[in-house]
Amino acid sequence: MTTDLAFKPAVQAALDYINHIPTDPAQTDPIAGARDFYHRFIPMAGTPALVKNVQNLTLPTTEGPVDVRIYRPSDTPGLPVTVYFHGGWFYLGSLDTHDTPLRALTNAADCVVISIDYALAPEHPFPKGLKEGIAVVHWIAAHADELQVDANRIGVAGDSAGAALATVIARHAKENNGPALRFQTLIYPVTDASLQTPSWKEFAEGLNLDLAGAELAWSLYSPHPQNRQHPDAAPLLAEDLTGLPPALVITAEYDPLRDEGMAYAAALRRSGVPVQETLYEGMIHGFFQMGGMIEEGNTAINETAAFIRKHF
């Protein structure tokens, strides 16, 4: 790992916060321990904004019941909807870990945001969570009147592992005559299972992510190595990206996922997909969830909101 990085004071404070998160010595389950550790990131997002309405529902999809959290900026019926998939390396994260940034996004974008509590590895490895995500998007489009949202204005978004799900869901919708999605917002997306990019080599020892953790995550999400070569797991391997909705791709300079995110943005462009791409200099993975400590997290939320408004 590069050792001479010049961190902004806010980024250093965030890293110090993460390094001092206490662990429970009585916790013997490493998966449960990792999930608890990630849950303790929540205060970094700052004070949760007031939203007109927040509702937890269980949707009866074709893949079974899926819990969601619906954020509404107003009582106005027929608002557009952004379907959001949280990050967490396919085995971490929840509706709660991303609650604060999604409240801010709902207000700034003036749209309904539906956060998906998709099935996590290792209990539910690839492709269970993906199939749930596809089913949820179809259910929302089919039941838009019931949800009081606009079936013709639906987009998908996500961060990290959730961004991988979002873009694959967008491709499936295009390939299988699914809902005509307006956009895909991909925040430091996971797109490549090889872990061989220069940024993975540069940050192998990690800041907020490290190579050992990535190898563990892929082994949990895709215990059969051959599945890691499937474009539904590693979106960068998709042969045809033509016809996908416009994309916003956000990456962070000091993030091992940086290069695969930028490579995916380039692949989308080569396929004729309109791409808005922003590299946040000096930022680390996860900064979108750290707006209470890192102002650029709020900037990224506002950029995402502006992109959403543009395409709705």
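Each remark here, short or long, concerns the structure printed above.
Just so it is clear, the structure is predicted and the values come from calculations on it, not from any experiment.

K.L.:
Mind showing me how you'd approach the packing of aromatic side chains here?
P.N.:
Each aromatic ring pair is described using two quantities: the centre-to-centre distance and the angle formed by the ring planes. Considering all chains together, one arrives at 14 aromatic pairs under this definition. With a centroid separation of 6.3 Å and an interplanar angle of 45°, the aromatic rings of Phe85 and Tyr118 are classed as tilted. One end of the pair, Phe85, is in strand β3 (residues 79–85); the other, Tyr118, is in the loop between β4 (112–116) and α4 (128–142), and 33 residues separate them in sequence. Between the aromatic rings of Phe90 and Trp218, the centroid separation amounts to 5.6 Å while the plane-to-plane angle is 55°, which identifies the pairing as tilted. Here Phe90 is found in the loop between β3 and α3 (99–109), whereas its partner Trp218 is found in helix α8 (residues 211–221), with 128 residues between them in sequence. Of the two residues examined, Phe90 and Trp218, each falls in the buried class. Connected via pairs of aromatic rings, a cluster forms that spans Phe90, Phe126, Trp218 and Tyr221.

K.L.:
Sorry, what's going on with the layout of surface pockets here?
P.N.:
Vacant regions in the atomic arrangement are exposed by a probe of water-molecule size rolled over the atoms. In this model, the largest pocket occupies a volume close to 490 Å³. For the lining of the largest pocket, the secondary structure elements donating two or more residues are α2 (30–39) and α8. Sort the elements by how many residues they give to the lining of the largest pocket and α2 lands first, with three residues. When the residues that make up the lining of the largest pocket are grouped by side-chain class, the tally is eleven nonpolar, eight polar and two charged.

K.L.:
Hey, could you run me through the pairing of strand β2 (residues 64–72) in this one?
P.N.:
Side-chain positions along a regular strand alternate between the two faces of the sheet. By the bridge criterion, nine bridges tie strand β1 (residues 53–61) to β2 in an arrangement that is antiparallel. Of the residues in β2, the one forming a bridge with Val54 is Tyr71. The antiparallel pairing of β1 with β2 creates a hairpin that spans two residues between the two strands. Pairing geometry for β2 and β4, over four bridges, is antiparallel.

The rules behind these values
- Residues numbered from 1 in each chain as written.
- Predicted model: local features only at pLDDT ≥ 70, side-chain atom pairs only at ≥ 80, totals over all residues.
- Heavy atoms only, no water.
- Phe/Tyr/Trp six-rings, centres within 6.5 Å; stacked < 30°, edge-to-face > 60°.
- Helix = DSSP H or I, 4+ residues; strand = E, 2+ residues; numbered from the N terminus.
- Buried < 20%, exposed > 50% of the residue type's maximum accessible area, 1.4 Å probe, protein only.
- 1 Å grid on protein atoms, 1.4 Å probe; cavity = no way out; pocket = protein on both sides within 12 Å on 5 of 7 lines; lining within 4 Å.
- Points joined across faces, edges and corners; volume = space filled by probe spheres on them.
- Nonpolar A, V, L, I, M, F, W, Y, C, P; charged D, E, K, R; others polar.
- Pairing = 2+ DSSP bridges.

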